[in-house]
Amino acid sequence: MATYARRQIGRTELQVTELGLGCATLGGSRIGVARQAAEDIVAAAWDAGVRYIDTAPFYGVGQAERAVGDVMRDHARDDWVLSTKVGRLLRPNPTGIFSDGRTHPLPFDPVYDYSYDAIMRSFEDSLQRLGLARIDILYVHDIGRYQHGDAHPGHMKTLRESGYRALESLRGSGAVSAFGIGVNEREVLLEAMEWGQWDAFLLAGRYTLLEQAPLNDLLPKCLAAGTSIVVGGPLNSGILAGRDTWNYAPAPPEVIARVKQIAAICDSHRVPLPAAALQFPLAHPAVAAIIPGPRTAAEFTENLGFLNHRIPASLWSDLRQAGLLHPAAPVPS
């Protein structure tokens, strides 16, 4: 079993392993993942030394939280860190007909609600689904214009004027140790920093080997504020692992072209593209962890090999010289 370095979450006493487990995929809503396969992924991560697990009610409309809880319940609770999310409540749907086009492993519909009462309800519901007595980090899930379009200002007003008090109450009482926001866009995080104090942001797919725009604004602000970044989707939905998906959809031609350029330089150094992609984000001092979301236990094990692959410094300099790496991007030493 490997021993992974631990990094602090914000200014809290929480420390997470720099490799965590993202559980969106094992919910089985986008790609079919059976319950036993989901539990096998969680068990493989634990056996490998991972001590940070992130899940959410939305992942498999409850399946991911149940799988995490069932695998982890007998492990000493102080030995690992758990994050889940608020912002959606799960409402029973006995019809078996679901309008969102996703697979629903359990008979529930997710309903957005960022109010005080809903966040408190969501927290309690997650404890029940997990079968655990403690959650360490709560992220407000999928708020922002990327998710909600023109409805975003109303949702943000509800969070700012109502839901944020619930987060402060839960942290103040010791029910959670930290809170933040978990999204796929940096813009809403910059907006939230104008009025709130946040321990961590889970940013999926926006600070990766393919995309580094947060270096221009978000990451410096996080360093100054003492807000940690957890990098979700470090493989950009699979495009950096040899698949054709980016942002949960088929990748557009310009993204495919850029990835091919990055891959060619990796190939010239005999470095697998996923190895460079997994290692790159951890070089930034604001980043506390990466949480790739494997589809199988075997894929998790493959990621371990990529994370430990030796990468020459010349690969990073060649990427920068080719204009494929932000001039200010820190790189692994």
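Everything numeric in this text was worked out from a predicted model, so none of it was measured. (Residues numbered from 1 in each chain as written. Predicted model: local features only at pLDDT ≥ 70, side-chain atom pairs only at ≥ 80, totals over all residues. Heavy atoms only, no water.)

Q: Help me get a handle on the sheet that holds strand β3 (residues 21–22), residues and values and all.
A: Strand order across the open sheet formed by 8 strands is β3-β4-β5-β8-β9-β10-β11-β14, with parallel pairing between neighbours. Only two strands of the sheet have a single partner each, and these edge strands are β3 and β14 (287–291). Pairing geometry for strand β5 (residues 81–86) and strand β8 (residues 137–141), over 4 bridges, is parallel. Within the sheet, the bridge partner assigned to V86 lies in β8 and is V140. Relative to the sheet, helix α3 (residues 116–130) contacts β5 and β8, its axis offset from that of β5 by approximately 135 degrees. (Pairing = 2+ DSSP bridges. Helix = DSSP H or I, 4+ residues; strand = E, 2+ residues; numbered from the N terminus. Contact = heavy atoms within 4.5 Å. Axes fitted to C-alpha atoms, helices over the stretch in contact; angles between N-to-C directions.)

Q: Run through unusual backbone geometry, naming residues and quoting values.
A: One non-glycine residue, V61, lies in the positive phi region at around 40 degrees. When you line up the elements, V61 lands in the loop between β4 (52–54) and α2 (63–72). The class of V61 is buried, set by a relative accessible area of 3%. Here the phi dihedral of Y248 falls at roughly 70 degrees; this positive angle occurs in a residue that is not glycine. As for its placement among the helices and strands, Y248 is situated in the loop between β12 (245–246) and β13 (249–250). (Buried < 20%, exposed > 50% of the residue type's maximum accessible area, 1.4 Å probe, protein only.)

Q: Give me the pairing of β8: which residues, what numbers.
A: Within β8, 5 of the 5 residues are buried, which leaves it mostly tucked inside the rest of the structure. Relative to strand β9 (residues 178–183), β8 runs parallel, the two being bridged by 5 bridges. In the strand pairing of β9, L138 is matched with F179.

Q: An account of the packing of helix α8 (residues 253–268) against helix α11 (residues 313–321) is needed here, citing residue identities and associated values.
A: Where α8 contacts α11, the axes come no closer than 10 Å and their chain directions differ by 150 degrees. Taken together, α8 and α11 sit at an angle that is classed as roughly antiparallel. You can see that α8 and α11 cross each other, and the crossing is right-handed. Contact with α8, carried on its side by I262, I265 and C266, involves L315, D318 and L319 of α11 and no other residues of that element. Of the residues assigned to the contact of α8 with α11, the class counts are 5 nonpolar, no polar and 1 charged. (Parallel < 35°, antiparallel > 145°, perpendicular 65-115°, else oblique. Left-handed = near helix turned anticlockwise from the far one by under 90°. Nonpolar A, V, L, I, M, F, W, Y, C, P; charged D, E, K, R; others polar.)

Q: Would you mind going over the environment of S115 in detail, with residue names and values included?
A: Within the secondary structure, S115 sits in the loop between β7 (108–112) and α3. Judged by relative accessible area, S115 falls into the buried class, the value being 17%. Sequence-wise, S115 and G87 are 28 residues apart; in three dimensions their C-alpha atoms are separated by 8.1 Å. Setting aside its immediate chain neighbours within four residues, S115 contacts T158, S162 and G163. In terms of polar contacts, S115 uses its side chain to reach the side chain of D113, at 2.8 Å. (Polar contact = N/O pair within 3.5 Å; in protein donor to acceptor, adjacent residues only side chain to side chain.)

Q: Could you give me a rundown of the nonpolar core, with the residues and numbers involved?
A: Grouped together as the largest cluster of nonpolar side chains are 95 residues, with contacts concentrated most on L167 and L209. Counting residues per element, this core draws most heavily on helix α1 (residues 35–48), at 7 residues. Sequence-distant contacts of L167, that is, excluding residues within four places in its chain, are made with V86, I119, L138, V140, L159, F179 and W198. Within the second largest apolar cluster, 14 residues are counted, among which are I9, L14, Y52 and A289. (Core = buried A, V, L, I, M, F, W, Y, C linked by side-chain atoms within 4.5 Å.)

Q: Give me the confidence of the model for the chain: which residues, what numbers.
A: Per-residue pLDDT for the chain averages 96, and the proportion of residues at 70 or more is 100%. Looking across the chain, the model is least confident in β13, with a mean pLDDT of 92, and most confident in β8, with 99. (pLDDT = per-residue confidence, 0-100.)

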